[in-house]
Structure formats: structure tokens, C-alpha cells
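A closer look at the structure
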Amino acid sequence: MKKLINDPDDVVDEMLDGMTAAYPDRLRRLPDTQVVVRDDAPVEGKVALVTGGGSGHEPTHAGYVGDGMLDGAAAGDVFSSPTADEFEALIDACDAGDGVLAIIKNYEGDVMNFETAIELAEMEGVEVESVVVNDDVAVEDSLYTSGRRGVCGTILVHKAAGAKAAQGADLSEVTRVAEKVIDNVGTMGTALTSCVTPEKGEPTFDLGDDEIELGIGIHGEPGTERTEMMSADEITDALTEAVLDDLDLDPGQEVLTVVNGMGGTPQMELFVVNRRLQELLGEHDLETWDAWVGDYMTSLDMMGASITVCAVDDELKELLGAPADTPALTTK
């Protein structure tokens, strides 16, 4: 397989150096770590938001570091959790004395290592709260999780909680907003192809030329069904209906939607999916407040997409629409 890399063992290190070189006035890397923080961290007078996880999901995680979203993010090796030491360094670098909220995707390594880091930080007097995002409606338990997986809905947690922190809210209020998004968001994805990791250089799982996997995880974890290739509308229907069944929304509910590319899908195809998604929401008597289309949380070069639906009220609309300025997402 052809990839724009040098030594596979250096790919995360070189990616982070390239990212901070692209945004030298916004981001800096902590020495001898795989941690990226805002250039002005720690930011006085606000709760700090931190997150992290395995690499390979870009622009997640460090792409959302900046005004109105995250204060910092730790990057593990490809599809591997950062260590507890990296998470501890992240918390320490971002804490300005007003507390830290750790936003954790529900993967066992991320949860365990973040919990260890939080314990160490609290021993040093840092006030830390944490939330665990589990928006994947496809499966209850998976290869790397107990309970549901955390996927693209995590970006909405970053956005809403980040906006609340930027308003000067205290740690309990920022945490409440994060939990509110988690309670109101659902996601499901599909893979048309496997991804190829730099270390392995070949597909991470076998999927026939005429097969797709519904409910796939962002690391290639098994989904709910492997089936013959379907049309874009049929795939959109299957994913959306599963998400809506899980959310059980009332008629007239306003929603934010995300059609997220898995890394190897052209935007043309993502907009085709969004077309059917919006038609389907209308058929369910739901009102789209905002619709995002693009690559927000990927799986290297996997061809496929996920659909996220988040129920919004006046508070969440204000926060999700608030200004943010990060490498991967800017709102005004």
C-alpha cells in the first residue's frame, strides 16, 4: 500500500511536528511528549478542556484545540491510547486554577489511563471532572469497550462545553453541558473498505469487493451487519433509522446533524448522503437547525461515513453556534 510516510514508527511524531509548524501562533507541543496545547495555555479565568486518544482519526483530537473548544489534546500511537503520563502532562499544562474537564471517548485504554492521570493530578491539588462519550448506537460492547463506543458525537461535546467554558462558567456548569450533549446525541457509521495502518501496510480487516459493514467502529471494530453493497440512500436510511430509534425524539424536535467522512470518502458522496438524511428527517417531522458535512473524526483512509444526530434546545443552539477558532473547525 502506498502512503506518504517515512518510518512508520515516526509517523505520529512527524505529524505533530508538522501540525504545530502549520499553526505556530495557535499550537505548541509539550517537549518530549505527544501532547499539543493552545499556544497561550494555561488560559487564566476559564475551565480547561482536555481530551486525547489514539492517532489516525485526524482532525481528532488536536485539530479542535483553540479558542472556543479544547485547551489541549494528547495523541497516542495509531489506534492506541496515550499513556497516563501523557494525560497527566496535558492536565498540568492546561490547568489555570479554575479546574479541568477531561472529555474521554469510551475506549478502555483511554478511560483507564485518563482515570490514572486524573488521580495523580488531584493529588497535586488540581480539580478535575470527567465525562465519557458513548454516542455509537450500533453495538453495546466491542473489541475495546465495555458499553457503547465514543465516536463523532464527541466533537459536539468539545464544541458546546468549550463554548460554555469560554463564557467563564464554572467547572460544574461546563460538565453539565458536556453531559447534556452526551444525553442527546447518537451516531452510527458504515465502512465500504478497511483502513490501512502505517505499521501494518495492509487492510486491518477483510471486506469483500461487494461487501460493506454497517455499524463499524472507528478502529475497524465489527459492526451490526455485513451485507452486500447498498445504494447511498439505503445506507443512509439504515444508519439514520438506527440513530433515531435510539434517540426517540418528539415530532418537531430541532436537531444538528453531522455527515462525517471516515477519511477516504469524497465530499461529493458525503453530500449525497446528507441529501437523503435531510429528506428522512423531514419524513420524521424533525427540523434541522444546522447540518455539518465533512471529515471530523476519521479512520485513516477508510472509505465510509457516519451519521450523527443531536437534539438541540435554545441553550445548545447558542453554544454549538458560538464562535470557535481551531485548525479543524471555525465558527463565527
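Report follows, based on the coordinates. Bear in mind the structure is a predicted one, so any value in this text is a computation, not a measurement. (Residues numbered from 1 in each chain as written. Predicted model: local features only at pLDDT ≥ 70, side-chain atom pairs only at ≥ 80, totals over all residues. Heavy atoms only, no water.)

**As for the pairing of strand S8 (residues 211–214)**
Across a regular strand the side chains alternate sides, sitting on one face of the sheet and then on the other. Direction of pairing for strand S7 (residues 185–191) relative to S8: antiparallel, over a ladder of two bridges. Residue pairing for S8: Ala 191 is matched across the bridge by Glu 213. The sheet contact formed by S8 and strand S9 (residues 225–228) spans four bridges and is antiparallel. Looking at the pairing, Ile 212 lines up with Thr 227 of S9. (Pairing = 2+ DSSP bridges. Helix = DSSP H or I, 4+ residues; strand = E, 2+ residues; numbered from the N terminus.)

**Some details on the sheet that holds S9**
The six strands are arranged S9-S8-S7-S12-S10-S11 in an open sheet whose pairing can be described as mixed. Each of the sheet's edge strands pairs with one partner strand only, and the pair in question is S9 and strand S11 (287–294). On average, adjacent strands in this sheet sit at an angle of 15° to one another, irrespective of strand direction. Lying on the sheet, helix H7 (residues 267–283) is in contact with strand S10 (254–261), S11 and strand S12 (304–311); it crosses S10 at an angle near 155°. (Axes fitted to C-alpha atoms, helices over the stretch in contact; angles between N-to-C directions. Contact = heavy atoms within 4.5 Å.)

**Brief notes about the environment of Ala 75**
Structurally, Ala 75 is set in strand S4 (residues 72–78). On the basis of relative accessibility, which here comes to 12%, the residue Ala 75 falls in the buried class. Each C-alpha atom of the pair Ala 75 and Asp 13 lies 9.3 Å from the other, and the pair is 62 residues apart in sequence. Beyond its immediate stretch of four places on either side in the chain, Ala 75 contacts Val 12, Leu 16, Gln 34, Gly 53, Ser 55, Pro 82 and Glu 86. (Buried < 20%, exposed > 50% of the residue type's maximum accessible area, 1.4 Å probe, protein only.)

**Notes on the pattern of salt bridges**
Scanning all chains against the criterion turns up 24 salt bridges. A salt bridge links Asp 325 to Arg 26; its shortest N-O distance comes to 3.2 Å. Of this pair, Asp 325 sits in strand S13 (residues 324–325) while Arg 26 sits in the loop between helix H1 (11–22) and strand S1 (27–29); the two residues are 299 residues apart in sequence, bridging distant segments of the chain. By relative accessible area, which is 32% here, Asp 325 ends up partly exposed. Given the relative accessible area of 33%, Arg 26 is considered partly exposed. Arg 275 is the partner of Glu 279 in a salt bridge, and the nearest nitrogen-oxygen pair spans 4.0 Å. Placement of the pair is Glu 279 and Arg 275 together in helix H7, with a separation of four residues, close to one helical turn. Assessed through its relative accessible area of 41%, Arg 275 is described here as partly exposed. Connected through salt bridges with shared partners, the residues Lys 164, Glu 173, Arg 176, Lys 180, Asp 313 and Glu 315 form a single ionic network. (Salt bridge = Lys/Arg side-chain N within 4 Å of Asp/Glu carboxyl O.)

**Here's the deal with the environment of Asp 98**
If you trace the backbone, Asp 98 turns up in the loop between helix H2 (84–94) and strand S5 (100–105). Accessibility expressed as a relative area gives 36% for Asp 98, which makes it partly exposed. Between the C-alpha atoms of Asp 98 and Val 43, which are 55 residues apart in sequence, the distance is 9.5 Å. Setting aside anything within four residues of it in sequence, one finds Asp 98 in contact with Gly 45, Lys 46, Val 47 and Leu 171. Within the structure, the side chain of Asp 98 is placed 3.4 Å from the backbone nitrogen of Gly 45, a separation counted as a polar contact. (Polar contact = N/O pair within 3.5 Å; in protein donor to acceptor, adjacent residues only side chain to side chain.)

**A closer look at the nonpolar core**
Within the largest apolar cluster, 60 residues are counted, with the highest numbers of intra-cluster contacts made by Leu 49, Leu 101 and Leu 156. For this core, the element with the most residues is helix H4 (residues 153–166), which contributes seven residues. If sequence neighbours within four positions are ignored, Leu 101 has contacts with Val 47, Ala 48, Leu 49, Val 50, Glu 129, Ser 130, Val 131, Ala 161, Leu 171, Val 174, Thr 175 and Ala 178. Ranked by size, the runner-up nonpolar core spans 23 residues in total, among them Ala 138, Leu 214, Leu 239 and Leu 286. (Core = buried A, V, L, I, M, F, W, Y, C linked by side-chain atoms within 4.5 Å.)

**Remarks on the sheet that holds strand S3 (residues 48–55)**
What the six strands build is an open sheet, ordered S1-S2-S4-S3-S5-S6; its pairing is mixed. The outermost strands of the open sheet, each flanked by one partner alone, are S1 and strand S6 (128–133). Ignoring strand direction, the axes of neighbouring strands in this sheet form an average angle of 20°. In this sheet, strand S2 (residues 35–38) lies alongside S1 in antiparallel orientation, the contact comprising three bridges. Residue pairing across strands places Arg 28 opposite Val 37, the latter belonging to S2. Where H1 meets the sheet, it contacts S1, S2, S3 and S4, and its direction lies at approximately 145° from that of S1. Packing of helix H3 (residues 108–123) onto the sheet brings it into contact with S3, S5 and S6, and relative to S5 it is tilted by some 165°.

Any functional reading would require information beyond the geometric quantities listed.
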